[in-house]
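# A look at the structure
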Amino acid sequence: MVEKFESKRVPPSEHIILSISDLQSAAAAKLPTGIRDFYNSGSTDQITVLDNSNAYKKYKLRPRVLRDVSNVSTSASVLGKTIDFPLCVSPAGIQAMAHPLGELATSRACAKRNVHMGISSFSNYSVEEICEASRAIAPIGHVMQVYSMKDRAKQERIIKRAEQVGCVAIFLTADSPVLGVRYNEHRNDFRTPAGLAFPMLEKTSEMIRADTHDASFVGFNSDYHSWAREIPWLRSITKMQVWIKGVLTAEDVLLAREYGCDGVVVSNHGGRQLDGTPATIDALPECVEAAAGQIRVHIDGGIRSGQDIFKALALGAECCWVGRPAIWSLAYDGEAGVRTMLDILYTDFRRCMQLTGCSSIADISKSSLGIARKDGPLARL
Ligand SMILES: Cc1cc2nc3c(=O)[nH]c(=O)nc-3n(C[C@H](O)[C@H](O)[C@H](O)COP(=O)(O)O)c2cc1C
Ligand SMILES: O=C(O)C(=O)c1ccccc1
């Protein structure tokens, strides 16, 4: 006799969090519309933001079977440290809108999972407070994100403060001479909430909210930037690694090499800057080829699962970063939420390695992937 199977109904107020999309839904239920749209939106027609995730789907995994995966190691050497797995948290501004402890909560969760955090210049806590929050947990070393600023003395203060408290690198965000077109901010008249601090920019939210996001950005950010003006200057004021965030072409990877940068993050800013740029996973191969092993290549944009991390590594990235998943988790449950997000991606990536027959990061290669063709067999890379 077949036993009657009773499915357990979960009340709608309770969210079972098993995936990144569960975190996205849980955050959407908590955040006011204007803030949710600010975090989630891409620019203009939302093409690139959607492409970023969808582009992963054409790659299929080629698992090797009957391999001993009882001793799988996910650890990776990234920015001079051994981290638990090759996934870190991208710099994203104004995290205190998602949770009162904002970047402090993100920093603690990253340290507990032993991965790096990128600290936005638009953070609501200072780099000193954010690094202090993680120091007692793990000597992980975070990354300070900077823009090319009109006020070079202020930009230098940000960099010096970050170096002083143990940051291991700076990410110069190079894809934002001006902000992308974000209709949601105009439709919702998005302003940063009152009472927040912007200690790296040395501003209060009263100063920032006086303007739209776009206008306040124009106020401090420099569009008068160039490789020759930025990189030698950055090298002259810091011993931290210098990375360029927002590269999408082989040409710019070659320039990053020529200017002696330590690495590039292949990024389209989560589809928030120039809409119509390629999905980052589609820009990655040409960037890896141009890097030719001479500088490091990381990637962010649309990474939502362990399989996505695996695919990016198979295509030559050393490490992946996630932006929105951290914001959604913060909104859902602060530090515990971000910890849940990192744990989901960690266990998913580990399981993906085991199911594809990979025991270490070095085992992940192009031969682990194929490209789905509409009518026909899988194409080998
Ligand atoms: C709400 C939000 C704020 C962001 N703020 C910054 C920032 O201050 N500096 C920066 O370089 N990138 C910023 N980014 C871009 C992220 O660093 C990252 O490139 C992007 O979020 C990755 O895509 P994903 O969100 O699909 O993972 C921001 C992204 C979001 C969604
Ligand atoms: O919105 C963004 O993508 C971004 O980079 C940013 C810039 C200023 C404040 C907050 C986020």
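Going by the structure above, here's the rest.
Residues numbered from 1 in each chain as written. Chains lettered and ligands numbered in written order. Predicted model: local features only at pLDDT ≥ 70, side-chain atom pairs only at ≥ 80, totals over all residues. Heavy atoms only, no water.

### Examining the site of ligand 2
- Ligand 2 sits among Phe-38, Gly-93, Ile-94, Phe-122, Tyr-147, Arg-182, His-213, His-269 and Arg-272.
- Take Tyr-147: an N or O atom from its side chain is 3.3 Å from an oxygen atom of ligand 2.
- In the environment of ligand 2, an oxygen atom lies 2.8 Å from a nitrogen or oxygen atom belonging to the side chain of His-269.
- In the complex, the protein chains occlude 94% of the 290 Å² of accessible area that ligand 2 would expose alone. (Near = heavy atom within 4 Å. Polar contact = N/O pair within 3.5 Å; in protein donor to acceptor, adjacent residues only side chain to side chain. Areas by Shrake-Rupley, 256 points an atom, 1.4 Å probe, with all protein chains shown as cover.)

### Comments concerning the sheet that holds strand 14 (residues 369-371)
- Spatially, three strands are ordered 1-14-15 in an open sheet, and the strand pairing comes out antiparallel. Where the open sheet ends on each side, the last strands, each with one partner, are strand 1 (59-61) and strand 15 (379-380).
- Strand direction decides the pairing type here: strand 1 and strand 14, joined by three bridges, are antiparallel. Following the sheet pairing, Tyr-59 is matched in strand 14 by Ile-371. (Pairing = 2+ DSSP bridges. Helix = DSSP H or I, 4+ residues; strand = E, 2+ residues; numbered from the N terminus.)

### Points about the side chain of Gln-155
- Tracing the backbone through its elements, the reader meets Gln-155 in helix 6 (residues 152-164).
- Among residues more than four places away in sequence, those in contact with Gln-155 are Val-146, Tyr-147, Ser-148, Met-149, Leu-172, Trp-233 and Leu-234. (Contact = heavy atoms within 4.5 Å.)

### Some remarks on the site of ligand 1
- Near ligand 1, the surroundings consist of 22 residues, among which Pro-91, Ser-120, Thr-173, Asp-300 and Arg-304 are the closest.
- At a separation of 3.0 Å, an oxygen atom of ligand 1 approaches a polar side-chain atom of Lys-245.
- Within the side chain of Ser-267, a nitrogen or oxygen atom sits 3.4 Å from an oxygen atom of ligand 1.
- Notes on ligand 1: free accessible area 600 Å², of which the protein chains cover 97%.
- The cavity where ligand 1 resides is the largest cavity.
- Class assignment of the residues belonging to the shell around ligand 1 gives a composition of six nonpolar, eleven polar and five charged. (1 Å grid on protein atoms, 1.4 Å probe; cavity = no way out; pocket = protein on both sides within 12 Å on 5 of 7 lines; lining within 4 Å. Sits in = over half its atoms within 2 Å of the grid points. Nonpolar A, V, L, I, M, F, W, Y, C, P; charged D, E, K, R; others polar.)

### Focus: the packing of aromatic side chains
- All chains considered together, the criterion is met by 13 aromatic pairs.
- Plain terms: the ring middles of Phe-122 and Tyr-147 are 6.2 Å apart, the flat faces sit at 80 degrees to each other, and that makes the pair edge-to-face. Here the residue Phe-122 occupies a position in the loop between strand 5 (118-119) and helix 5 (127-135), and Tyr-147 occupies one in the loop between strand 6 (143-146) and helix 6, the gap between them amounting to 25 residues.
- When its relative accessible area of 6% is taken as the criterion, Phe-122 is described as buried.
- When its relative accessible area of 8% is taken as the criterion, Tyr-147 is described as buried.
- An aromatic cluster of at least three residues, connected via ring pairs, comprises Phe-122, Tyr-147, Phe-198, Phe-217 and Phe-220.
- In this structure, Arg-152 packs its charged tip against the face of Trp-233, placed 4.1 Å from the ring centre.
- The positively charged end of Arg-272 is found above the aromatic ring belonging to Phe-38, 5.0 Å away from the centroid. (Phe/Tyr/Trp six-rings, centres within 6.5 Å; stacked < 30°, edge-to-face > 60°. Buried < 20%, exposed > 50% of the residue type's maximum accessible area, 1.4 Å probe, protein only. Lys NZ or Arg CZ within 6 Å of the ring centre and 35° of its normal.)

Taken by themselves, the reported measurements are silent on function.
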